[in-house]
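Each chain, written out:
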Number of protein chains: 2
Amino acid sequence: MRKNFRMLLCYDGTRYRGWQRLGSGENTIQAKLESVISKMLGAETAVIGSGRTDAGVHARGQVANFHADTDMTAAQVLAYLRRYLPEDIGILSVDEAPERFHSRLNAVKKTYEYRIRNDEAPCVFERKYVWRMAEPLDLAAMRKAASLLVGTHDFRAFSANKRTKKSTVRTLEEISIERVGSEVRLRFTADGFLYRMVRILTGTLVEIGTGKRAADSVLTAPERDSVVAPACGLCLMEVRYE
Amino acid sequence: MRKNFRMLLCYDGTRYRGWQRLGSGENTIQAKLESVISKMLGAETAVIGSGRTDAGVHARGQVANFHADTDMTAAQVLAYLRRYLPEDIGILSVDEAPERFHSRLNAVKKTYEYRIRNDEAPCVFERKYVWRMAEPLDLAAMRKAASLLVGTHDFRAFSANKRTKKSTVRTLEEISIERVGSEVRLRFTADGFLYRMVRILTGTLVEIGTGKRAADSVLTAPERDSVVAPACGLCLMEVRYE
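Here's what I pulled together on the structure shown here. (Residues numbered from 1 in each chain as written. Chains lettered and ligands numbered in written order. Predicted model: local features only at pLDDT ≥ 70, side-chain atom pairs only at ≥ 80, totals over all residues. Heavy atoms only, no water.)

### Structural notes on the layout of surface pockets
Residues and elements named next belong to chain A.
No. 1: Put simply, the largest pocket is a space of about 1200 Å³.
No. 2: Lining the largest pocket we find 40 residues, and of these Gly 51, Arg 52, Phe 193, Leu 194 and Tyr 195 sit closest to its centre.
No. 3: At four residues, strand 5 (residues 107-117) tops the list of elements feeding residues into the lining of the largest pocket.
No. 4: Looking at the lining of the largest pocket residue by residue, the class counts come to 15 nonpolar, 14 polar and 11 charged.
No. 5: Structurally, the lining of the largest pocket is a two-domain feature, drawing no fewer than three residues from each of domain 1 (2-97) and domain 2 (109-241). (1 Å grid on protein atoms, 1.4 Å probe; cavity = no way out; pocket = protein on both sides within 12 Å on 5 of 7 lines; lining within 4 Å. Points joined across faces, edges and corners; volume = space filled by probe spheres on them. Helix = DSSP H or I, 4+ residues; strand = E, 2+ residues; numbered from the N terminus. Nonpolar A, V, L, I, M, F, W, Y, C, P; charged D, E, K, R; others polar. Domains from an automatic or database assignment.)

As structure tokens, this is what we get:
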């Protein structure tokens, strides 16, 4: 029976070259999933993700789907994947989606979180999930700049692929910047993000927070030189669908 | 000037063969500290820890000290160590202790925490710091057994070194067992612990929690076969001094 399985998954991206399969034998999340799922089904199977995440970027709420001719139930798929996937890829849930559901094309909104560990104290247990940055950050200036970024803008300056011919207009619905204990956490919600956009937004906001850039010039700030925050601090939190 | 520097430190024990230096070139926390400190001082320097932790065991509150003839201040030592130690060993603080202070001999109490991740959901980001155990645990039975363990007893049955000629009498001051979200956390406070004692106590309590052993036979339960909980779930939380 033809089924369309939808997965909610998390992963520690530290040892992967990102989400997207690059070639054969590449160490990516997608390739790892496809290898286990193809073995489970006895047939080469493509996995569709909501979008790519870069090398070293984590996810707590990635969505992916795959089609299969199988009698297996969602619960059986879940049990199989939990058994055979490595422990840095975790399947939170599996369900059967409508035949036409497509993880990437149907996604309407995504939320990313960027974690900065903002003091000099050691950070032994969280070290792979934060950007360590001891310099004090002026959150008021960062929030002012963030308020200018929210809305529908051409974010070409915040893409690592500035020469693309596709539209670089996106709608940034919300940026929140909160201090949580020793961390500063930035959350970005948008209808979509350009290549490295969250890391460039974060890098630019941090330059504003340390006084290296003025908050009111944020929209044009990284025109010439993109400041890219390190991958390890970034995590895909949620993908929303209609 | 002769000084006695006391350090409060944390470490992720995952890639180490435990606290104690074994020989030359061994990958242990103590050897790593001694190598960096000896380089800092230009003299071979021994580091005294409050006690050993096994291979793979973590610490959030280990205490250690070393003697040095130096003009360096505690703040300078802290800055040097933070700069040159690997990122899985973190120095929380350094101060100058009285000349006679000895991390091991003066310790009067220690607290360890053992974390069990007690559900079937994936545990991607905490996987190196918990024992995954999906089977339901009867906390009431575990607490009943724990109440029998508290007090002054001969804990020889709970040591991995049962043939020692030294006293195996210890005073277990407190055992707390709490459910925190998806985790069950056990905390043990005693005047000292025998070799692998916390992991054997935990393994035995888990057997009681899953109904494999009776709570009221806990004190003699592991006489013949010691159930040793895995190292990764264990963390030295605090060492107290008079």
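### Notes on the interface of chain A and chain B
No. 1: Every contact between the two is made by 22 residues of chain A and, on the other side, 22 residues of chain B.
No. 2: A buried area of about 1700 Å², summed over both sides, lies between chain A and chain B, and 62% of it is on carbon and sulfur atoms.
No. 3: Together, Pro 122, Phe 125 and Arg 127 of chain A form the three largest contributors to the area buried by chain A at its contact with chain B, with a combined 38%.
No. 4: Of all elements in the fold, only strand 1 (2-11), strand 3 (58-69) and strand 4 (89-96) of chain A reach the threshold of two or more residues within the side of chain A that touches chain B.
No. 5: Examining the composition of the side of chain A that touches chain B, we find that four residues originate from one element, strand 4 of chain A, more than from any other.
No. 6: Here the side of chain A that touches chain B is built from residues that sort into 11 nonpolar, two polar and nine charged. (Contact = heavy atoms within 4.5 Å. Buried area = accessible area lost by both parts, 1.4 Å probe.)

### Details of the nonpolar core
All names here are of chain A.
No. 1: Membership of the largest hydrophobic core comes to 69 residues, with the highest contact counts inside it found for Met 7, Leu 33, Phe 66, Leu 172 and Phe 188.
No. 2: Here the element with the most residues in this core is helix 4 (residues 197-209); it accounts for seven residues.
No. 3: Those residues within four positions of Leu 33 in sequence are excluded, and the remaining contacts are Leu 9, Trp 19, Val 47, Leu 85, Ile 89 and Ile 91. (Core = buried A, V, L, I, M, F, W, Y, C linked by side-chain atoms within 4.5 Å. Buried < 20%, exposed > 50% of the residue type's maximum accessible area, 1.4 Å probe, protein only.)

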